[in-house]
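# Geometric and topological summary
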Amino acid sequence: MQWGSATLAFYGIGAAAVATSVAALRKRLELSQAKHPSLSGHARIARRLARFVRFYEYDAQRFFCSDGATHDIAARRRAGFNQLSQIYRTRFAETIHATAEAAESLSDLQFTAAYRVPFQYRRMVRAHLPSASFVQASHGVMLTDLDGNRSYDLTGSYGVNLLGYDFYKATIDRGAARVRELGPVLGSYHPVIAENAKMLKEISGLDEVSFHMSGTEAVMQAVRLARYHTCRSDVVRFCGAYHGWWDDVQPGIGNPTATRQTYTLTEMSERALRVLRKRRNIACVLVNPLQALHPNISPPSDSALIDSGPGVHFDKARYGAWLKKLRAICSERSIVLIFDEVFVGFRLAKGGAQEYFGVRADLVTYGKTLGGGLPVGVVCGRRDLMKRYRDDHPADICLARGTFNSHPYVMAAMSEFLHALKTPQIDALYRDLDEVWNARTHMLNARLAAADLPVRVANLSSIWTVCYTRPSRYHWMLQYYLRAEGLLLSWIGTGRLIFSLNYSDADFAAVVDRFVAAADAMQRDGWWWHNPALTDRTIKRMVLKEIIGERWARLRRAVFGNGQRPA
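The numbers attached to residues start from 1 for each chain and follow its sequence in the written order. Side-chain atom pairs in this predicted model are given and counted only at pLDDT of 80 or more, local residue features only at pLDDT of at least 70, and totals for whole chains, interfaces and linings cover all residues. For side-chain calculations, the full set of non-hydrogen atoms in the structure is used, while hydrogens and water are omitted.

## Notes on the overall build of the protein
From N to C terminus, the protein includes 19 helices and 16 strands. The globule rule used for comparison is 2.2 Å times the number of residues to the exponent 0.38, while the radius of gyration itself is calculated over C-alpha atoms. For the protein, whose C-alpha radius of gyration is 27 Å, the value lies close to the compact-globule estimate of 24 Å for 567 residues. The principal-axis extents of the C-alpha atoms in the protein amount to approximately 90 × 80 × 45 Å. Relative to its full complement of 567 residues, the protein shows a buried share of 52%. Contacts were defined at the residue level, with two residues in contact if any of their heavy atoms lie within 4.5 Å. A separation threshold of at least 6 residues defines the contact pool for the protein, and within that pool the share at least 24 residues apart is 77%. Surface exposure here means Shrake-Rupley accessible area, sampled with a 1.4 Å probe, where a residue is shielded only by the protein chains that are shown. On the protein, roughly 26400 Å² of surface is accessible, and the fraction owed to carbon and sulfur atoms is 56%. Charge centroids of the protein, computed over 73 positive and 52 negative side chains, lie 9 Å from each other. In this description a helix means any DSSP run of H or I spanning at least four residues, a strand means any run of E spanning at least two, and both kinds are numbered starting from the N terminus. Only protein chains enter the accessibility calculation, which uses a 1.4 Å probe. A residue is then buried if its area is under 20% of the maximum for its type, exposed if over 50%, and partly exposed in between. Residues scored as charged are limited to Lys and Arg (positive) and Asp and Glu (negative), so that His and the chain ends carry no count. Note that the charge is assigned to NZ on lysines, CZ on arginines, CG on aspartates and CD on glutamates.

## Describing the side chain of Asp 307
Residue placement: Asp 307 occurs in the loop between β7 (282-287) and α11 (316-333). Discounting chain neighbours no more than four positions away, the residues touching Asp 307 are Ser 472, His 475, Asp 536, Ile 539 and Lys 540.

## Observations regarding the packing of helix α10 (residues 270-278) against α11
Axes here refer to lines fitted to C-alpha atoms; in helices the fit is confined to the stretch in contact. Angles between the N-to-C directions go from 0 to 180 degrees. Across the interface, α10 lies against α11 with an axial gap of 9 Å and an inter-helix angle of 10 degrees. By the angle between their directions, the pair α10 and α11 is classed as roughly parallel. The interaxial crossing formed by α10 with α11 has right-handed handedness. Facing Glu 270, Leu 273, Leu 276, Arg 277 and Lys 278 of α10, the residues of α11 in contact are Trp 322, Lys 325, Leu 326, Ile 329, Glu 332 and Arg 333. Polarity classes work like this: nonpolar for Ala, Val, Leu, Ile, Met, Phe, Trp, Tyr, Cys and Pro, charged for Asp, Glu, Lys and Arg, and polar for all others, with Gly in that last group. Classifying every residue of the contact of α10 with α11 gives five nonpolar, no polar and six charged. Should an angle fall under 35 degrees it is taken as roughly parallel, and over 145 as roughly antiparallel, whereas 65 to 115 is taken as roughly perpendicular and any remaining angle as oblique. Crossing handedness is defined as follows: a turn of the near helix away from the far one that is anticlockwise and smaller than a right angle gives a left-handed crossing, while the clockwise case is right-handed.

## Here we look at the nonpolar core
Counting residues in each nonpolar core, the largest one holds 130 residues, and the members touching the most others are Leu 326 and Phe 515. Tallying contributions element by element places helix α18 (residues 505-524) first for this core, with 10 residues. Ranked by size, the runner-up nonpolar core spans 20 residues in total, among them Ala 226, Val 249, Leu 286 and Val 379. Each nonpolar core is a collection of buried residues, namely Ala, Val, Leu, Ile, Met, Phe, Trp, Tyr and Cys, held together in the definition by side-chain atoms within 4.5 Å.

## A short note on helix α4 (residues 93-103)
The set of residues buried in α4 consists of Thr 95, Ile 96, Ala 98, Thr 99, Ala 102 and Ala 103. Taken down its axis, α4 places every buried residue within 165 degrees of arc, on the same side. Seen from the open side of α4, the exposed residues pointing more than 90 degrees away from its buried face are His 97 and Glu 101. Next to the buried residues of α4 lie α3 (71-91), α5 (107-114) and β2 (142-145). Note: the arc covers the axis-to-C-beta directions of the helix.

## Brief notes about the environment of Leu 84
Topologically, Leu 84 is positioned in helix α3. Residue Leu 84 is classed as buried on the basis of its relative accessible area, which comes to 4%. When the C-alpha atoms of Leu 84 and Leu 129 are compared, they prove to be 7.7 Å apart, with 45 residues separating the residues in sequence. What Leu 84 contacts, discounting residues up to four positions off in sequence, is Leu 129, Met 477, Tyr 480, Tyr 481 and Ala 484.

## Focus on the packing of aromatic side chains
Ring pairs are drawn from Phe, Tyr and Trp, using the six-membered ring of Trp, whenever the two centres fall within 6.5 Å, and their geometry is named by plane angle: stacked under 30 degrees, edge-to-face over 60, tilted for the rest. For the structure on display, the rule yields 35 aromatic pairs. When the centroid spacing of 5.3 Å and the interplanar angle of 40 degrees are considered together, the rings of Phe 346 and Tyr 366 count as tilted. With Phe 346 in the loop between β8 (336-340) and α12 (352-357) and Tyr 366 in strand β9 (residues 363-367), this residue pair connects regions lying 20 residues apart in the sequence. Through a chain of ring-to-ring contacts, the aromatic side chains of Phe 55, Tyr 56, Tyr 58, Phe 63, Phe 64, Phe 81, Phe 119, Tyr 121, Tyr 474, Trp 476 and Trp 527 assemble into a single cluster. Here, a charge over a ring is recorded when the distance from Lys NZ or Arg CZ to the ring centre is within 6 Å and its angle to the ring normal is within 35 degrees. Here Arg 122 stacks its cationic end above the ring of Tyr 115, 4.9 Å away from the centre of that ring. Sitting over the face of the ring of Phe 343, Arg 496 holds its NZ or CZ atom 5.2 Å from the ring centroid.

## With respect to the pairing of strand β12 (residues 393-397)
Of the strand pairs in this sheet, strand β11 (residues 389-390) and β12 are connected by two bridges, and their pairing is antiparallel. For Arg 390, the partnering residue across the bridge sits in β12 and is His 393. A loop of two residues connects β11 with β12, the two strands running antiparallel in sequence. One bridge is not enough; two strands pair if DSSP finds at least two bridges between them.

## Let's talk about the sheet that holds β2
Read across the sheet, four strands follow the order β1-β2-β3-β15 without closing on themselves; strand pairing throughout is mixed. Across the chains shown, the open sheet's two edge strands, defined by having one partner strand only, are β1 (135-139) and β15 (487-488). Here two bridges tie strand β3 (residues 150-153) to β15, and the two strands are oriented parallel to one another. Paired with Tyr 152 across the strands is Leu 487, a residue of β15. Along the sheet, α18 contacts β3 and β15; its crossing angle with β3, the most-contacted strand, is approximately 105 degrees.

## What about helix α8 (residues 192-204)?
Spanning 13 residues, α8 covers 18 Å between terminal C-alpha atoms, matching the ideal 18 Å at 1.5 Å per step. The complete set of buried residues in α8 reads Val 192, Ile 193, Asn 196, Met 199, Leu 200 and Ser 204. Along the long axis of α8, the arc covered by the buried residues comes to 125 degrees, so they all point the same way. The exposed set on the far side of α8, more than 90 degrees from its buried face, consists of Ala 194, Lys 198 and Glu 202. Those residues of α8 that are buried are in contact with α7 (165-179), β4 (208-212), α12, β9, β10 (377-381) and α14 (408-420). A helix is expected to span 1.5 Å for every residue after the first.

Set out below in C-alpha cells:
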C-alpha cells in the first residue's frame, strides 16, 4: 500500500511537471507566433546573421551590371555615373573637401558616409560621389552649402523642422533674450518653466511633466517610471519601431549586448494582443506612431535598399482601430501605454498622435521640434505614474536627473514655440493638414506616372517615403540624382523625406519639377533597365548567394591559402 502511495505521488509529481512544461511551451509558442516573421522581428537571429555577413565589393566592371544588365546598359550607366561624378566634384567641391577633412576626426561622418548605399557598392560610390555634409545658411525652405548652392530641404532636420528654419531662428533669438539676465544657471528654475508645464499639460491632456536632454532620455525615463510603478520588468516594442539608441529598445543589430527583458512583437496583430493578455510581467508597451506609415518595417534607408523595397501604405482608420484595441488591453491588464512622439509630436496635429488617432496614452514623450530649435526631451504623464518616490517606503525612489535638464535657454525657446502654436498664422498651417499633403502626394505621383517612371511616394501627412514599382538593384542611386537637382536629403537617402509646413504651393511645385527631372535622368542613364526575369525574390537570392559564396571563399583561403588545395 505504501508502495502504491509513493508510486501515485511520483506519477502526480511527474504529471504536474509535464503540465507545467506544456504550459510553458504553449506560452513560448504564443510569443513566437506574435513575433514578425522578418529578421526585424527576431532580434537574436538578426544579430547572429549580421556577424555571418562579411564585406565584399563589386569591382569597376561588376558595379554597373550586378543585376545582369547587358553591355550596352552597363556602358550607359557608366557614362551617367561619370557625368554625375563630374557634377559633384565641380558643383560641391568646397563642401566635399570640408566634409572629407572633418571626417578624419568625426566618427559620425565616417559612419554616415559608409552607410548611404548597400555595402557592395560602397567604395566605388565614396570614391566618385563623395558626401557633402556641410551647410552654412538656411532661409525659407532652402539650405545653402559652402559652395553657395541653394537646395530645397527635404531632411526636416530629422523632424525638428516643423515650422521652418526662419521660425526656429527667431524662437531661439527671442528665447535667449528672455533669459539672458539669468544665463546658464542650472538647478534653479527660470519662471518660464512653469508656463511651459501648464501649456504641455493642456496639449497632452495629462497631469504632470518632466524635462530631459533628448528624446532618447525621455523614452528611457518613461520606461523606467512604468517599471517602477507596475513592479514589472518587461517592455513590449513593435517590429521596426525606433525609440532611441539605448539598449532596451534596440535589441537587434546596432546593440552590442543581448536584451532579455524586451519583447519585439508584430504590430497590428491579434497574436500580439494575446501575449499582452497572458504575460504577467509586462510593464509597458511602446508605440511610435510613425510606424503607421510602414508597420513592422524598420525605418527605410537606402543602405538596405537591395531590391524594390517594402510596400508602404498609410491607412489612418485601420491604424487608429489597432491603437484603440491596444489601449483597451493595456487598461485591462494594468500595462502602461507609452506614445513615443519624439518624431511625430506636433507634426500630425497640435495634440499629436493622441489627438490625430483619438487614443489616450498613459505617458507621452516629446522632443525635437518642441525645443524651439534646441535639444530637449519631455515626458508627460498621469500623476500616479510620474511620481518618483513612495510615501510609505522613503528609500524606494526612481531617480531621473540630468545636469542640463530644464536649461533656461531651452525652456525659453520652448515657450516661444508653444505660444506660437496658439497664433492664427500657425492655426492656418494646421488647417486641412492631411488634405494639403495628401493632395501634394497625389500631384507628384501623377507626374511620375505620366512620365512612366517606376517610382512613387507614400506619406503620413508631411512625412514621406519613396517607393518603387519595378524590381531593381539600383534604386539607391536616385538619392544622388536628386541631390544634383538641388533636393537635399538626409544621409539615409530616399527612405524618408520630411517637409516643413511652411512649404508654399510654389515651393512644392519646384520640388516636383526637380524630383521628376532627377528620376527621368536616372531612367535615361539605364539604372532602371528591366529584365522580366529579375524579381525581388531573384534579387534577394542573388545577394544571398553572393554572401554565402564570400563566406565560403574566406573559409577556403583560411584552410588552404590563396584558395588552392594542397598538392
